Amino acid sequence: MGETIKEEISKAPFVALMLDETTDVSNAAQLSFVLRFVTDSGVKERFIKFEDVTGKKRAEDVAAMALGFLEEHGCMGKLVAQCYDGAAVMASGLNGVQAKKDALKDLFDYIVEHHEEFDDAAILSADGYLSNLGNFEFGFFLSTFNEIFAHADVLFDILQNKSFDMQFCLTRVEEFCMCIEGQRDRFDQIYDETVQDTGLPTGRRAHGDSRSHYKKLHNGILENILNQVQNRFKDHEKLSFLSLLDPQQFTSFNSNFPETAFASLTESYGPHFDLSRLKTELSVMYGMTDVQGKNPSDLLFFFQRK
């Protein structure tokens, strides 16, 4: 790490830590450490290092590495935010799953029937894929997750778009959870369409009441996704103070100060501010025509020039 970056970090009163897991060309899991902070010249985002986390992906392992990193760089006492982006990217383009299954079947059938045109590995693979496509359990899970990804893909795009404010994103998360909850009513259709396509379940899954067994699986999948999403976003309500710098709301804030958002800031970061002075300064800023329509980065640059 360069001396300039070290000096910037040491002078920054507060920092945010960003951790992102990725996989390199050797298929080893790497965790990147990035610090974000404000200097006299504006907001800085500095990549610090990669660390190999192969075999060390448990929450406690990552937490220990993060704490060690903060201690090493003298940031333990000035950390005000942290974010982690290591979740698998949700698959997209799964609309029309049946049409794609049919196209794949045609392809694999052609390979098997015209085996003289292909090598043994291709023929064996095609035969195996055909077996999967005709398997009830494979088809059932494929249809189930196709329904889920149809909604998840939209939410993913929204959450990756930096132009949307926090409250808008949280509302979309709530709508996603409602959609997933509504998928419980889709079980019978998914089950019946899969039976029509592949036949009834075979093997050990066929014993007893297979419909009840797969309904339990279906509900378990939905419940797990709901729990994961709700746990991931449960603390984001505490970030409602971010709307204090939403330029689209400055006009309304000028006539009606955002007490709820300010209370959120007080609860989360109160000790870092002179709250009475900050409230006065925000009230003045909301009435300034010069700052209308400026995003937080523009506001920082604007006030640094004053």
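Calculation criteria
Residues numbered from 1 in each chain as written. Predicted model: local features only at pLDDT ≥ 70, side-chain atom pairs only at ≥ 80, totals over all residues. Heavy atoms only, no water. Phe/Tyr/Trp six-rings, centres within 6.5 Å; stacked < 30°, edge-to-face > 60°. Helix = DSSP H or I, 4+ residues; strand = E, 2+ residues; numbered from the N terminus. Buried < 20%, exposed > 50% of the residue type's maximum accessible area, 1.4 Å probe, protein only. Lys NZ or Arg CZ within 6 Å of the ring centre and 35° of its normal. Salt bridge = Lys/Arg side-chain N within 4 Å of Asp/Glu carboxyl O.

As annotated in an unreviewed UniProt entry, the protein chain carries the name DUF4371 domain-containing protein and comes from Pogonophryne albipinna.

Peer 1: Honestly, the packing of aromatic side chains in this entry has me stumped. Any pointers?
Peer 2: Ring pairs (aromatic) are described by centroid distance and by the angle formed between their planes. Under the definition given, this model contains 18 aromatic pairs. Ring geometry for phenylalanine 47 versus phenylalanine 50: centroids 4.9 Å apart, planes at 55°, classification tilted. For the pair phenylalanine 187 and tyrosine 191, a centre-to-centre distance of 5.7 Å together with 40° between the ring planes defines the contact as tilted. With a gap of 4 residues between them, phenylalanine 187 and tyrosine 191 both fall in helix α7 (residues 187-198), about one helical turn apart. Per residue, the accessibility class of phenylalanine 187 equals that of tyrosine 191, and both read buried. A connected cluster of aromatic rings, assembled from ring pairs, spans Phe136, Phe140, Phe141, Phe187, Tyr191 and Tyr214. Directly above the aromatic system of phenylalanine 33 lies the positively charged group of lysine 49, at a separation of 5.2 Å from the ring centroid. The ring of phenylalanine 262 carries the charged tip of lysine 279 above its face, separated from the ring centre by 6.0 Å.

Peer 1: Would you mind going over the pattern of salt bridges with me for this structure?
Peer 2: Opposite charge on two side chains permits them to pair, given that their charged atoms come into close proximity. Here the structure, examined in full by the defined rule, presents 14 salt bridges. Between arginine 172 and glutamate 175 there is a salt bridge, with the nearest N and O atoms lying 2.8 Å from each other. With arginine 172 and glutamate 175 both in helix α6 (residues 166-182) and 3 residues apart, this pair spans about one turn of that helix. Ionic contacts of the salt-bridge type, sharing partners, join the residues Glu181, Arg184 and Glu223 into one network.

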